[in-house]
Amino acid sequence: RKEVEQDPGPFNVPEGATVAFNCTYSNSASQSFFWYRQDCRKEPKLLMSVYSSGNEDGRFTAQLNRASQYISLLIRDSKLSDSATYLCVVNVGAGNMLTFGGGTRLMVKP
Amino acid sequence: DGGITQSPKYLFRKEGQNVTLSCEQNLNHDAMYWYRQDPGQGLRLIYYSQIVNDFQKGDIAEGYSVSREKKESFPLTVTSAQKNPTAFYLCASSSPGRQETQYFGPGTRLLVL
């Protein structure tokens, strides 16, 4: 079983739609959680951290469920510019190494 | 402007050849990392360095070597022992006390001729 698992997609949605991605992690000792965004053929960039209480940044909402060991990302009012691959990232705390999921690809259509 | 630079953007390797990928940062970060990304897959850690003159193997270190002689620089050598080197190589760095947040360079695409 992979340490961090994501549905690879692609998720094809129309502009203005709401879309949600889930990610599961296997190590219950994981301490920190993040969503990174990666555009095609570019480097990943931090989108947002994920906190136990849930957090929101504009149209983006991240949630953490420690009991079920999953993380979610909700994007409201999708824009064409949201088209990218979203990487779920977990820090298990050992030397602060990050473990990356395979990514979920989002394609927002006009 | 502070940031991480990687060069070259594209690199071609012949059979049996060693090639070196450059990574430089002026963010004053102590920790630096090298990842490999294959199409449709997540990033896998090759090597990392928490401090100058020290580095550790990641999950897929075989066929690679690194050095960390300066804080700003963390070059990666892909040796001839790496039988499947074609991939997108990403360098990252993180600051003291915030090592869970990593900043990435633009990457180097390595292709085998």
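Scope of this entry: the structure provided in the associated data block.

Rules used throughout
- Residues numbered from 1 in each chain as written.
- Chains lettered and ligands numbered in written order.
- Predicted model: local features only at pLDDT ≥ 70, side-chain atom pairs only at ≥ 80, totals over all residues.
- Heavy atoms only, no water.
- Disulfide = S-S within 2.5 Å.
- Helix = DSSP H or I, 4+ residues; strand = E, 2+ residues; numbered from the N terminus.
- Buried < 20%, exposed > 50% of the residue type's maximum accessible area, 1.4 Å probe, protein only.
- Pairing = 2+ DSSP bridges.
- Contact = heavy atoms within 4.5 Å.
- Buried area = accessible area lost by both parts, 1.4 Å probe.
- Salt bridge = Lys/Arg side-chain N within 4 Å of Asp/Glu carboxyl O.
- Polar contact = N/O pair within 3.5 Å; in protein donor to acceptor, adjacent residues only side chain to side chain.
- Patch = residues over 30% accessible without salt bridge, like charges linked within 9 Å, V, L, I, M, F, W, Y side chains within 5 Å.
- Areas by Shrake-Rupley, 256 points an atom, 1.4 Å probe, with all protein chains shown as cover.
- Lys, Arg positive; Asp, Glu negative; His and termini not counted.

**A few points about the state of the cysteines**
Residues and elements named next belong to chain A. Taken as a whole and assessed by the stated rule, the structure comprises 2 disulfides over all chains. In this model Cys-23 forms its disulfide with Cys-88; the gap between the sulfur atoms is 2.0 Å. Torsion about the S-S bond of the Cys-23 and Cys-88 cystine: about -75 degrees, corresponding to left-handed handedness. Note that Cys-23 is positioned in strand S3 (residues 19-25) and Cys-88 in strand S9 (residues 84-91), a separation of 65 residues in sequence. Neither Cys-23 nor Cys-88 differs from the other in exposure class; each is buried.

**Things to note about the pairing of strand S1 (residues 4-7) of chain B**
Residues and elements named next belong to chain B. Of the two faces of S1, the one lined by Ile-4 and Gln-6 is fully buried and the one lined by Thr-5 and Ser-7 carries no buried residue. Note that S1 and strand S3 (residues 19-25) share 4 bridges and pair antiparallel. In the strand pairing of S3, Thr-5 is matched with Glu-24.

**Notes on the interface of chain A and chain B**
With 18 residues of chain A in contact, the opposing surface of chain B contributes 21 residues. Buried surface at the junction of chain A and chain B, summed over both partners, amounts to about 1,500 Å²; 56% is from carbon and sulfur atoms. Interface area lost by chain A to chain B is led by A:Arg41, A:Met97 and A:Phe100, which between them contribute 33%. In this structure, the connection of chain A to chain B is made through 0 salt bridges. Summed over the shared surface of chain A and chain B, the result is 2 residue pairs in polar contact (both at pLDDT 80 or more).

**Observations concerning a nonpolar patch on the surface**
All names here are of chain B. A surface patch of nonpolar side chains, amounting to about 420 Å² of accessible area, comprises Tyr-10, Phe-12, Leu-111 and Leu-113. Tracing the sequence through the fold places Phe-12 in strand S2 (residues 10-13). According to the relative accessible area criterion, Phe-12 is partly exposed, its value standing at 45%.

**Quick look at the side chain of B:Ser93**
All names here are of chain B. Take Ser-93: it is sitting in strand S9 (residues 87-95). Given the relative accessible area of 0%, Ser-93 is considered buried. Engagement of the side chain of Ser-93 in a polar contact is seen with the side chain of His-29, the distance being 2.7 Å.

**Here's the deal with the side chain of B:Arg68**
All names here are of chain B. With respect to the element layout, Arg-68 can be found in the loop between strand S7 (64-66) and strand S8 (76-78). Among buried charged residues, Arg-68 stands out as having no salt bridge; its nearest opposite-charge side chain is Asp-30, 5.9 Å away. Only 2.9 Å separates the side chain of Arg-68 from the backbone oxygen of Asp-30, close enough to count as a polar contact. Within the local environment of Arg-68, its side chain forms a polar contact with the side chain of Ser-49, the two groups lying 2.7 Å apart.

On their own, these measurements won't tell you what the molecule is for.
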